[in-house]
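# Summary of the model geometry
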Amino acid sequence: MAYSVNNPAGKVVQEILNDLPGLMAVAVVDVTSGMSLASHTNVPSINPDTAAAYNTEVVKQKQKAMSALKLQGESIDDILITLSNQIHLLKLTEAGNKFIYLVVNSRDTNLAIAREVLRSHVAGLAN
């Protein structure tokens with residue numbers, strides 16, 4: 001457990017764990033630094049802190065692509081990456097300065113439910 005419930009990021013991780021106890025991993029990530037602000041994993045082979053850094057690059061590259069395409073007035077809501085047996089979701093805050101990274105087993109978790117859980121908790125990172 002790499003979080004404290006005494007800060008907003010830790011509270012969000014705990015709330016997501018309460019809603020999706022079977023998740024594989026979760027992290028709250030700062031987009032500027034790529035650092036995980038709070039994280040938890042139920043699968044030792046998944047290091048959410050390492051994944052945070054790499055997924056920050058995914059977010060930054062998509063932001064660059066949107067800029068190059070002149071997609072003004074658009075912002076990233078979430079990014080979905082589907083693997084053979086896993087779903088990886090990146091849910092950005094409205095300001096785009098933080099995101100929640102979630103990994104779930106695609107056979108055990110409904111995508112719509114996972115998205116709704118992230119949507120309901122991302123506002124807790126607004127500051």
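Owing to the predicted nature of the structure, the values given are computational and were not obtained by experimental measurement.

Quick notes on the rules
- Residues numbered from 1 in each chain as written.
- Predicted model: local features only at pLDDT ≥ 70, side-chain atom pairs only at ≥ 80, totals over all residues.
- Heavy atoms only, no water.
- Helix = DSSP H or I, 4+ residues; strand = E, 2+ residues; numbered from the N terminus.
- Expected span 1.5 Å × (residues − 1).
- Buried < 20%, exposed > 50% of the residue type's maximum accessible area, 1.4 Å probe, protein only.
- Arc of directions from axis to C-beta.
- Contact = heavy atoms within 4.5 Å.
- Polar contact = N/O pair within 3.5 Å; in protein donor to acceptor, adjacent residues only side chain to side chain.
- Core = buried A, V, L, I, M, F, W, Y, C linked by side-chain atoms within 4.5 Å.
- Axes fitted to C-alpha atoms, helices over the stretch in contact; angles between N-to-C directions.
- Parallel < 35°, antiparallel > 145°, perpendicular 65-115°, else oblique.
- Left-handed = near helix turned anticlockwise from the far one by under 90°.
- Nonpolar A, V, L, I, M, F, W, Y, C, P; charged D, E, K, R; others polar.
- Pairing = 2+ DSSP bridges.

Between its first and last C-alpha, helix α3 (residues 111-122) extends 16 Å over 12 residues, near the 16 Å set by a 1.5 Å rise per residue. Buried within α3 are the following residues: Ala114, Val117, Leu118, His121 and Val122. The buried residues of α3 occupy an angular sector of 120° when the element is viewed end-on, so they sit on one face. Buried positions along α3 lie against α1 (8-19), β4 (86-92) and β5 (98-105). A distance of 2.7 Å separates the backbone nitrogen of Ala112 from a side-chain oxygen at the start of α3, and that oxygen is part of Asn110.

A separate point is the nonpolar core. In this structure, Val13, Ile16, Leu23, Val26, Val28, Ile100 and Leu102 are the most contacted members of the largest nonpolar core, which totals 21 residues. Among the elements of the structure, α1, β1 (25-30), β4, β5 and α3 are those that each provide at least two residues to this core. Contacts of Ile16, omitting those with residues within four sequence positions, involve Leu23, Val26, Ile100, Leu102, Val117, Leu118 and His121. Ala27, Leu90, Phe99 and Val103 belong to the second-largest nonpolar core, a separate cluster that totals 17 residues.

This part covers the packing of α1 against α3. Contact pair α1 / α3: the axes reach a minimum separation of 10 Å and the direction vectors enclose 150°. With respect to their mutual orientation, α1 and α3 come out roughly antiparallel. Crossing handedness for the pair α1 and α3: right-handed. Contacts between α1 and α3 involve Val12, Glu15, Ile16 and Asp19 from the former and Val117, Leu118 and His121 from the latter. In terms of residue class, the contact of α1 with α3 is built from four nonpolar, one polar and two charged.

Spatial ordering of the open sheet is given by β2-β1-β5-β4-β3, a layout of five strands whose pairing is antiparallel. Every interior strand has two partners, whereas the edge strands, β2 (36-41) and β3 (78-82), have only one. Between one strand axis and the next, the sheet turns by 10° as a mean value, whatever way the strands run. Contacts between α1 and the sheet are confined to β1, β2 and β5, with β2 contributing the most and set at about 25° to the helix. Across the sheet, α3 touches β3, β4 and β5, and the angle it forms with β4 is around 25°.

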